[in-house]
Structure formats: structure tokens, C-alpha cells
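Here are the chains, one letter per residue:
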Amino acid sequence: MSSLLPRNRMDPHAVLLGIDIGSVSISLAAINSVGDLCQTAYQFHHGDIAATFRKMMSAFDPKQISGIAATSSTPSMIKATRQYDNRVAIMAAAHHFHPRMGGILIVGGQAFGLIGFDEQGRYHSFRTNSSCATGTGSFLDQQARRLNLQSAEVLSNKALDNKGSIPKIAARCAVFAKTDLVHAQQEGYSLEQICDGLCYGLAKNIVDRLALDRDPFSPIIFTGGVSRSRAVVQHITSIIQKEIIVDPTGVYGALGAAFLLFDEWRENDTVGFRSVTDMLRPGTVQKKYGHAPLTLTLSNYPDFGGDEAYDYVSADAGGSYPVEVDIYDPLIPPNGWEVFLGMDIGSTSTKAVLLNADGRIMAGFYTSTAGRPVAAVQNVLSAINDLSEKKSMKLCIKGAATTGSGRKFAGKIMGADRIIDEITAHARAACEIDPDVDTIIEIGGQDSKFTILKNGRVTFSVMNNVCAAGTGSFIEEQAQKLGCPLTAYASRTENQRSPMVSDRCTVFMERDMNHYLSEGYTVDEVLASVLHAIRENYLTKVAVEGSIGQHIAFQGATAKNRALVAAFEQRLQKPIHVSKYCHLTGALGAALMLSEQGIDQTSFKGIGLHKKAIHVSSEICDLCTNHCKITVADVAGEKVAYGFLCGREYDTKRYVNQTLSGFDLLRERKKVFAVKTVSTNAKGITIGIPAALHLYADIPFWKTFFDALSIRTVTSESYSGALKEGKHMENAEFCSPMAALHGHVAYLMERADDVFLPYYIEHKTGDREGRRQYCYYTQFSPAVISLSGEEIDGKRLLTPLIHYRHGPFRTKIELYRMLKSITKAPIGFLDVSRAYDTACDYRESCSLRLKEIYRNESQAHEDLHVVLLGRPYTTLSKLMNKGIPDILDSFGIRAYFQDMLSYTDADIRPIKRLLK
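Conventions adopted
- Residues numbered from 1 in each chain as written.
- Predicted model: local features only at pLDDT ≥ 70, side-chain atom pairs only at ≥ 80, totals over all residues.
- Heavy atoms only, no water.
- Helix = DSSP H or I, 4+ residues; strand = E, 2+ residues; numbered from the N terminus.
- Contact = heavy atoms within 4.5 Å.
- Areas by Shrake-Rupley, 256 points an atom, 1.4 Å probe, with all protein chains shown as cover.
- Pairing = 2+ DSSP bridges.
- Axes fitted to C-alpha atoms, helices over the stretch in contact; angles between N-to-C directions.
- Salt bridge = Lys/Arg side-chain N within 4 Å of Asp/Glu carboxyl O.
- Buried < 20%, exposed > 50% of the residue type's maximum accessible area, 1.4 Å probe, protein only.
- pLDDT = per-residue confidence, 0-100.
- Parallel < 35°, antiparallel > 145°, perpendicular 65-115°, else oblique.
- Nonpolar A, V, L, I, M, F, W, Y, C, P; charged D, E, K, R; others polar.
- Core = buried A, V, L, I, M, F, W, Y, C linked by side-chain atoms within 4.5 Å.

**Section: the overall build of the protein**
Argument step 1. The number of helices and strands found in the protein is 28 helices and 33 strands.
Argument step 2. Of the contacts formed within the protein by residues at least 6 apart in sequence, a portion of 70% connects residues at least 24 apart.
Argument step 3. Only carbon and sulfur atoms are counted for the fraction: they give 50% of the accessible area of the protein, which is about 40,300 Å².

**Concerning the sheet that holds strand β17 (residues 418-419)**
Argument step 1. Reading across from one edge, β11-β12-β15-β14-β13-β16-β17 is the order of the 7 strands in this open sheet, with mixed pairing throughout. Taken across any chain shown, the strands that pair with only one partner, and hence form the sheet edges, are β11 (308-312) and β17.
Argument step 2. Judged from the 7 bridges that link them, strand β13 (residues 337-345) and strand β14 (residues 349-356) form a sheet pairing that is antiparallel. Looking across to β14, one finds that G342 is bridged to V353.
Argument step 3. The strands touched by helix α9 (residues 373-390) within the sheet are β11, β12 (323-327), β13, β14, β15 (361-368) and β16 (395-403), with β15 carrying the most contacts at an inclination of about 140 degrees.

**Regarding the pattern of salt bridges**
Argument step 1. Inspection of every chain in the model, using the stated rule, returns 30 salt bridges.
Argument step 2. A salt bridge links E243 to R100; the nearest nitrogen and oxygen atoms lie 3.8 Å apart. Here R100 lies in the loop between α2 (86-97) and β6 (103-107) and E243 lies in the loop between α7 (230-240) and β10 (244-246), a separation of 143 residues in the sequence.
Argument step 3. A relative accessible area of 42% places E243 in the partly exposed class.
Argument step 4. Close ionic contact of R571 with E536 constitutes a salt bridge, the shortest N to O distance being 2.9 Å. Of this pair, R571 sits in helix α16 (residues 562-572) while E536 is found in helix α15 (residues 523-541), placing the two residues 35 residues apart along the sequence.
Argument step 5. We classify E536 as buried; its relative accessible area is 19%.
Argument step 6. Look at the salt bridges and you will find they share partners, linking R535, E536, E545 and R571 into a network.

**Observations concerning the confidence of the model for the protein**
Argument step 1. Overall, the predicted model of the protein reaches an average pLDDT of 82, with 84% of residues at or above 70.
Argument step 2. Ignoring residues within four places in sequence, the model shows residues 1-8, a span with pLDDT below 50, making 12 contacts including any to other chains.
Argument step 3. Across residues 911-916 the pLDDT falls below 50, and counting only partners more than four positions away or on other chains, this stretch makes 2 contacts in the model.

**Here's the deal with the pairing of β15**
Argument step 1. Within β15, 7 of the 8 residues are buried, which leaves it mostly tucked inside the rest of the structure.
Argument step 2. Of the pairings in the sheet, the one linking β12 to β15 comprises 4 bridges and is antiparallel in character. Bridge pairing links V325 to F365 in β15.

**Here we look at the packing of helix α11 (residues 422-433) against helix α17 (residues 585-597)**
Argument step 1. Taken N-terminus to C-terminus, the directions of α11 and α17 make an angle of 85 degrees; their axes are 7 Å apart at the nearest point. Judged by the angle between their axes, α11 and α17 are roughly perpendicular. Contact with α11, carried on its side by T424, A425, H426, R428, A429, E432 and I433, involves T585, G586, L588, G589, A590, L592, M593 and E596 of α17 and no other residues of that element.
Argument step 2. The residue inventory of the contact of α11 with α17, partitioned by class, reads 7 nonpolar, 5 polar and 3 charged.

**With respect to the nonpolar core**
Argument step 1. Within the largest apolar cluster, 46 residues are counted, with the highest numbers of intra-cluster contacts made by I441, Y489, Y538, F554, F568, L572 and V578.
Argument step 2. Sorting the residues of this core by element identifies β18 (439-443), β19 (448-454), α12 (472-481), α14 (506-518), α15, β21 (552-555) and α16 as the ones contributing at least two each.
Argument step 3. Here the element with the most residues in this core is α15; it accounts for 9 residues.
Argument step 4. Among the nonpolar cores identified, the runner-up in size contains 41 residues, and L693, L695, I802 and I822 belong to it.

Put into C-alpha cells, the structure is as follows:
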């Protein structure tokens, strides 16, 4: 404390109360008449600030409180004597307890930041996170709920119990985390390992965003809600290798505000409170509504009831979720039932449909995936078996098909006859329900999809998988946070007006929701505002609004929320069609496509699979340079594996070439560009070349160049983990190619003396037909990479300017200067020039060879073939191309790349005009 006031200025029995109300919690701290801390309290408010405050104040005596000091984030409903900036309050508390400190790390529910001090203890700087939930306490709370844990504190304690390795789980966004959680559970990681992985990811995110490992600030005082997570504290400490002192009170904001008021106290500041009610201002804010009541007026909404509905809970289910069973057709026992089974294994839910030979849905099944897709599949099969026994049905399953994010692995385990992508399955079901459908809106648990159809065929489809704000999970999380059962959400929000909340991110949504609750809006009004935000997020980030047709199908379990459908109707002013099977359409589409295929004999392993113990583990295949990470399930001694890029079976101990079209694009290109690099290291250095961005296509060129100078090179062509690793490292939200570049460079840092990462730049010219190759991010990627954390040291990046518009001479000079500074043996400009010319000649010969291959192939085979357009680093990279060349090959269609065609500017000018 800078100064202490004489005792006679304050009643010796009086106290000052500090209040800090943030986005998710309330902190209280009381100090006595001599400035000593005497009482604290901390509690989550879940948006109901007034009620939570009243409950917390039951431990305090309002009559003893002489004044209230509040932080600037505390809403005006509190009758504060004075308000103080949150950071100033935290600094006051930290200085009171810690005369020596280098920085204060604040990690709260929706934000985190680092206050830095110089060597004299004076304020130096402040850095904070971007407008995203990544690295915040809210993110940890979300993951705890997703793992069915009571709180983030329980999650942290589970993490501390981990004795094994940890999976890499993206802590950038709830969507990425969901995906990684599912994968980690499929790979057999325990709950403790997954919790530890989440805490590490959160810690790493905080460190990277705030550059905690690069700044000299030490020791660091850690405060805020997340400081209570010992697992996160331990990981941050191990990463930055600095002393971290955890705030022992957990309420530095409230406590600092009380200290500041104490220092400024005047006798006439004394306020007398008789009760907690005196400390609160009555709700006088006039409500302002941004949206009309959520009422369906144009759409016909279905009755979701069938002949019978019940929840099935397996006797040996353990921790599995109940299965919702809906019977749609009278199941009067005949001699036997012949049905097709369609199953949709999604990130948050698993669905199944039994379809009879006439195309009628006999029954539907719905349960939570809960990150355990194999267990969810078994749970559904157990429910089907139970239905068969209850109804004395002799089920004969003629075939099984899977779809959804877990379709491939689950399909392998089940012995599915067909494995179908989600877009195709949902489109098939939509056309069966309404042959005129031209638009499909689908909001799933983890992602949202938008599909356009014409004459029953998909012409366009896009999926949002970057932000959690527009998904069904967000609706579920907000319902849980505000104490609303998901089953009651629609009834509570229908016909409700609501204020406007942000649709950009969960952080902004939750911030706005909490603000409105504090201003006196009802919980139901705020719940309604969430639906409008979900709709806006979908229409702006996923859908192409101008392409929305007149026959709109809303599919997925979220369509069972009548008020959400009303939100879309209100905005689009068009009828929205919802089927009674909307939550089962993926499974229905899969079953329909299977029934139309007409298989003779099924490979389905039977519903008795639910009784078998299935152990899931992971392995690395070393048969080729792909080094595939495969998931292996042991089903009663039989090994079932998924993840081989070559498509081989688990017991086939050799690479399998499954080319059906007779032409393997990537393999042929690899042959053409094969370069045998030097094995000696005459110049005493090894240079790494990342297989990313513009360098991806130029790797053979640069290998040839460095080889001509007797310089050894290594590449990251065989590294398959670049994208996932890069997403953990990047300090901003980049596109996937940029994220992958981070991973490729980090990989090479451990294997090369220097990493070659030149600037590829082209200036804009007045020539309308001039080339426009590179975006701003990719042009300046070396500068971005040099700022990406401890894994990438900027001094080891070789960044010459490769400027094709100025000709090769300028490039040769740049390369000469670069090599002269790093090679141990002397190197001359003429050597560099000759090496560059050799590489150019090599590239030209390869280009001619590719064109020759295309001419020969296209002349020899006159059937349909496809030319792929796009950047080489996305179209030709297995890491990026989503297997499109392989998909075409699976249909017997040859695929070629655009550089294999011979064409002139005159040839492509009409195409450019058409595209415009």
C-alpha cells in the first residue's frame, strides 16, 4: 500500500467491499479499517448476476460495509462508491502482495492478457488476446461440459492425474477441439490424458498469443479464473521456464479495487446499507428489441410423433447415453422383416434408420456420440436388438451403410456395404422427402452445411468448420449455461422478442447475453437472441444467401427447434420445410442409396456386434513414405484398421496400388520430377525446403539448384502432421496452406541448418492480362513465419527475394548473397548462375515431359477425363486436396493437372471473360 489512513477516518468495525463482475463470475473481497483482507468470495453467475450476488452476500454483513469499490467491468446495477479500471485494480492488488514482479498474467472467462513492468517496476506494456474464445476460461468450461465433467476444476484435477503421454488438441476454437477430442478418444487416450492435452493446448495458446516465452518479464503473477487450474499453471511454467506465482486469493480485481478505494477514502464517502437490496439499483433500463417475436407464419411444421417413442438404456451400457427410439410403422410381427440399416455417425450424435424394401422408415434411433463413436454404434445396435426382441421381430438386415464424420472407421468395424459422404446422403434424403427441394440448410452439432441442388443433383455445397458460433453445440451450451433444458428451448423462445447479440464468436455472444441479463432482459428473451445470432452466423459465414431457392429443407436435429426455424423464416421471408425425420436424414439417405444399389450379399457383421468388446488403439504404418497414422479396433480377435492412404488391408504387409483409371496423377508427376540429390555435404551445410505454398511445386527446381552447388537438402514432403502442428503454432487465424507452412518449417528446423523460405512476389501492373499469382499472406509468409514462436528462430530462415517480373539476373544476385553468408566453403556468382540455369533447364524439360504425357494419354483414351485447376500446393498435395484425385480414380476417371495442357493466352482469354 502506498499509504495507510489513520484509524479515526473509518469506523474500526467497518469494511470496504471490492466487487469485480466479469463475463462469467463474481469476485468479492472485503478489507477492514486498517487495510487488511478479511473475507473473499468467488462464484460463477451464469448470467443471473443479481441473484448470484444476493446469494454470495449471505456470507457478508451489509450493515458493516461503508463503501463499495467496483471494477469497470462491473455493471451499473451495483451501487458503487467508485469504479476503477480492471487492470489498474489488478496491479494495485499485485503490488500490495508482491513488491517485486516482472509481469501479471490475467486469464479470465472471455479474455486474457499480460501486463509487463520494467526493471524499476513501472508499467511497460499490455498485450491481450484476439476476439476469440481460444485460451480463455470459457473454452475450458466448454470442454469440461463436452467431456461430461462437472467443471473446469474437475477437468484440471483429472489432468493432474495423468501419468502418460498427451494427445495434441487444438485450443484455438471449440470446433477444432471437438474434432481432436473425438480423434483422441478413437485412438484410445484415457480421459486423464485428454484433459491434460486440453490444459496443455490452452497453456500453449496463452504462451504463444502473449509471447510469454520471449519477453524478459519475470517473475509473473498469475491471476484470473484459469489461475485456479493447477494443470494449466504447470504447463505454462514448463513451457516458459520462468517463475510463476499464483494469486492466492483468486480475486485480485475485487481486492485491488478495495485497496484503491481505501487509499482514496474520505469520511463523507461512508454509505449505510441495511440489506443487500440497498446495494442494488432497481432495473430501470428500458428494453430495446432488435427482433420481432419468433413465430412461424409461412411454414408447415411437422408433428414429430410416430406410432411409439421411448428411451432405451442398455443394462450393460455403463456410462453410455440413452437411445431415443421412434417407431414410425406398425411393427406387427410377420414371419420376418427384411430391412436396410443406415447409420450416421456424427461428431455429437449417432443416428440410425431401419428402412424396409418399399422405402418406408420402420424405426429411427438417436443417441449422443459423446466422443466415443464405437461405443455409440454399439449402443444403437443394442437398441435395435432390444426393439427386435420386444416386438418379436425376426430382423433380416439385407445391408448396412454409414455416413457422417465417423463413417469410415465405424463402417469398417460394422462391415458396412457402403460408406457414403454426408453431403450425398443428406441430399438423397431431402429429394426423397421433397423432389422439388433446391436448398438444404443443415446445422449440425459441430459444423454447418449449405447445399444447393438442381433437378435432384448437388450443384454446390459448403461447410463451416472454423468457428463454433454457428453450430448446434453452441445452442446446447447456452441452454445449459442458462439453466434451460434443451427439450424446452423451443417452447420457451417461440413468440419471444429479443435484443441483438453478436454473431461473430461465442465470446461476443456470451458477453452480450450476460450484458442483457444484467440489464433486466428475461432468460427466455436472451435465449431467443441466441437463435437469431446462430441464423446470422450461418447466413453470413456458411450460406450463399443469393443462391437460396424457393424450396428450402432444414435438416439436422436443430430443425426440431421450432423457434430456430422461425428465425430463418423471419429473415428469409420464405417457407422452410422440416421433415419429421429431419434429425435422421443422414442415416435415411444412406439407407436409401443402399437399397437402390441392390446388393446380393451383405458384409454387415450383425447387430450382435453390440455384445463384443472392442479395443481401439493407434499405430504408424512404415511400409511407405506416407507413414499413415492408422486406427485399429480389435473386434473379438479380428483386427479392423482405418487410415491407410493406399487402401491396403491391415493384414496386407505391402503397399497397395488401387488405381482404377489406369493413371495415377501424383505418382506420374513424382516420376517426372524425380531428383537424386547429393549425399555428400561439400559445403558443410544442410538446407531444408518446406513442401508448402509456392515452394511445393518448386521443390524439384530448388533441389536441382542446390545439388549443382553440392549443397545437401532435405524436404518435408513426407511430413503428414504439418497442418495439425501448424494450427497449434500460428499466432493468428490463417488459411490451411499458411497454417501448414508453420508446421513444415518447424519440422525442418530440427533437421536442417537453415530453412529456405524465399519471398515470392509479383508487383501489380497496368496490364490487364498480367499474372496475379500470390495473396498478401503468402507473399509475405517468411515475415509471418519469423514471428511464430520458439519453434521457429527467424535468424535461421533464408529469405531471398524471388522476383520473377525482374528477370533471372536479379534472382541470381539474391541467391548469391544468401549463399555467400552461410556456406563454409567459398562460392562464386558464376557458380550460382550456372546452377540456376541448370535448374531452369531441368524445370523446362519436366514441363515438356508432362505435356507429352497428357497428349499421349488423352489420345490413347478418349473416354471422360478431368483437368484439375488450382494452386499446386492445394490441388496436388495429399495433405490439402481432400483426396479428390483418388475419388475421381475410384470412379475410373483419369485426372490431370492444368500445367499438363498446352495452351496460349489467346486460348484462355475467353475462359477468363466467362469466369468474370
